[in-house]
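What the coordinates show
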Amino acid sequence: MANDYSLIINLETIKNALRIDGTQDDALLQGYISAAKDYVANAITDSDEESEQLQSETKYKLAVILLVQFWYSNRTTDMKQTPYQVLSLIQQLRGKLWQ
């Protein structure tokens, strides 16, 4: 799997993507980041080793960031579906993993 260290999943990246300046939602965003990482990794593999390898994939990082953005932007809405873009990235990563 290719490494790309230019995109980092952290609170600063998420806040920049959402254009948030304050710190009042930092704990909420950290929770979303942690849950999104698990969500995306678990949707692709149940192997801890493969899960760790995924973390260097740009598509994994993008899927996590998009999912956090979606959850945060829709936190007052009853969400029943994962965004199409996240599902597409997950499917692409599954295909790459099983090559």
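Residues numbered from 1 in each chain as written. Predicted model: local features only at pLDDT ≥ 70, side-chain atom pairs only at ≥ 80, totals over all residues. Heavy atoms only, no water.

**A look at the overall build of the protein**
Operational definition: Where helices and strands are cited, they refer to DSSP runs of H or I of at least four residues and of E of at least two residues respectively, numbered from the N terminus. As defined in this context, the radius of gyration uses C-alpha atoms, and a globule is described by 2.2 Å times the residue total to the power 0.38. Only protein chains enter the calculation, and the probe is 1.4 Å; a residue is then buried if its accessible area is under 20% of its type maximum, exposed if over 50%, and partly exposed in between. Any pair of residues with heavy atoms lying within 4.5 Å of one another is described as a contacting pair. Using the Shrake-Rupley algorithm and a 1.4 Å probe, accessible areas are obtained, with residue cover drawn only from the displayed protein chains.
Scanning the protein from N- to C-terminus turns up five helices and zero strands. The order of helices and strands in the protein, counted from the N terminus, is α-α-α-α-α. Against the globule reference of 13 Å for 99 residues, the protein gives a C-alpha radius of gyration of 13 Å, in line with a compact fold. Taken over 99 residues, the protein has a buried fraction of 36%. By sequence separation, contacts in the protein at least 24 residues apart represent 68% of the contacts at least 6 residues apart. A total accessible area of about 6400 Å² is found for the protein, and carbon and sulfur atoms account for 46% of it.

**Topic: the environment of P83**
When you line up the elements, P83 lands in the loop between α4 (58–73) and α5 (84–97). According to the relative accessible area criterion, P83 is buried, its value standing at 14%. Between the alpha carbons of P83 and S47 there is a distance of 24 Å; along the sequence they are 36 residues apart. The residues touching P83, leaving out its near neighbours within four places in the chain, are L67 and F70.

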